[in-house]
Amino acid sequence: SRYFVPSHDGSPFARCLLFWQVASTRFLSCSPNAARYDEAEPLYQQSLAQSTSVLGPTHPDTLSTMHNLALLLADRGEMSQAESLHRRALAGRVAELGASHPHTFVSMDHLAIVLADQVPCPSSPTSRSPPPLESPVCSSHSAPHARSSG
């Protein structure tokens, strides 16, 4: 699954929160073609609010939920919101886990994907000039991005 399911500390609330996060994660990952984003997003929003309130904004489980919500938003094409959440998750993971932690790398990778997906295609009617040579190739002309879990 590309969505990350966090661990818990064993407390009754943490077990309940973990159940909620696992359920919402499994709900999203059953079939990418049949994703029910409109139903899943409020689950992630509620899970993120509860996790932030109980565990704190930089707790690894909170950051995982934030990261997963950002993935959902990116899949829906809401790149500005996805970028904002990916940036917050990355900053939190750098502060909490360190710059060389695997989950930090995953956050960095997914932020890069969202940023690359925002580069307009040269053939797009809204594009005013071609992208610089060092920019990624338009996603409609390249293979889909592979995403890892985290």
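Please refer to the structure placed before this passage.
In what follows, the accompanying structure is described. If you're wondering where the values come from, they're calculated on a predicted model, not measured in any experiment.

### Things to note about the side chain of Arg93
Right, on to step 1. With respect to the secondary-structure elements, Arg93 resides in helix α4 (residues 79-97).
Right, on to step 2. Of the side chains with opposite charge, Asp61 comes closest to the buried, unpaired Arg93, at an N-O distance of 8.3 Å.
Right, on to step 3. Of note is the side chain of Arg93, whose polar atom sits 2.8 Å from the side chain of Ser107.

### Side note on the environment of Thr62
Right, on to step 1. Positionally, Thr62 belongs in helix α3 (residues 60-75).
Right, on to step 2. Given the relative accessible area of 0%, Thr62 is considered buried.
Right, on to step 3. Expressed as a C-alpha distance, the spacing of Thr62 and Ala49, which sit 13 residues apart in the sequence, is 8.7 Å.
Right, on to step 4. Residues contacting Thr62, with those up to four places away along its chain left out, are Leu48, Ser51, Thr52, Leu55, Gly56 and Pro57.
Right, on to step 5. Of the polar contacts made by the side chain of Thr62, one reaches the backbone oxygen of Gly56; its length is 2.9 Å.

### A look at the environment of Met79
Right, on to step 1. Secondary-structure assignment places Met79 in helix α4.
Right, on to step 2. When the C-alpha positions of Met79 and Val114 are compared, they lie 6.4 Å apart, and in sequence the two are 35 residues distant.
Right, on to step 3. Setting aside chain neighbours within four positions, we find Met79 in contact with Ala74, Val114, Asp117 and Gln118.

Calculation notes
- Residues numbered from 1 in each chain as written.
- Predicted model: local features only at pLDDT ≥ 70, side-chain atom pairs only at ≥ 80, totals over all residues.
- Heavy atoms only, no water.
- Helix = DSSP H or I, 4+ residues; strand = E, 2+ residues; numbered from the N terminus.
- Buried < 20%, exposed > 50% of the residue type's maximum accessible area, 1.4 Å probe, protein only.
- Lys, Arg positive; Asp, Glu negative; His and termini not counted.
- Salt bridge = Lys/Arg side-chain N within 4 Å of Asp/Glu carboxyl O.
- Polar contact = N/O pair within 3.5 Å; in protein donor to acceptor, adjacent residues only side chain to side chain.
- Contact = heavy atoms within 4.5 Å.

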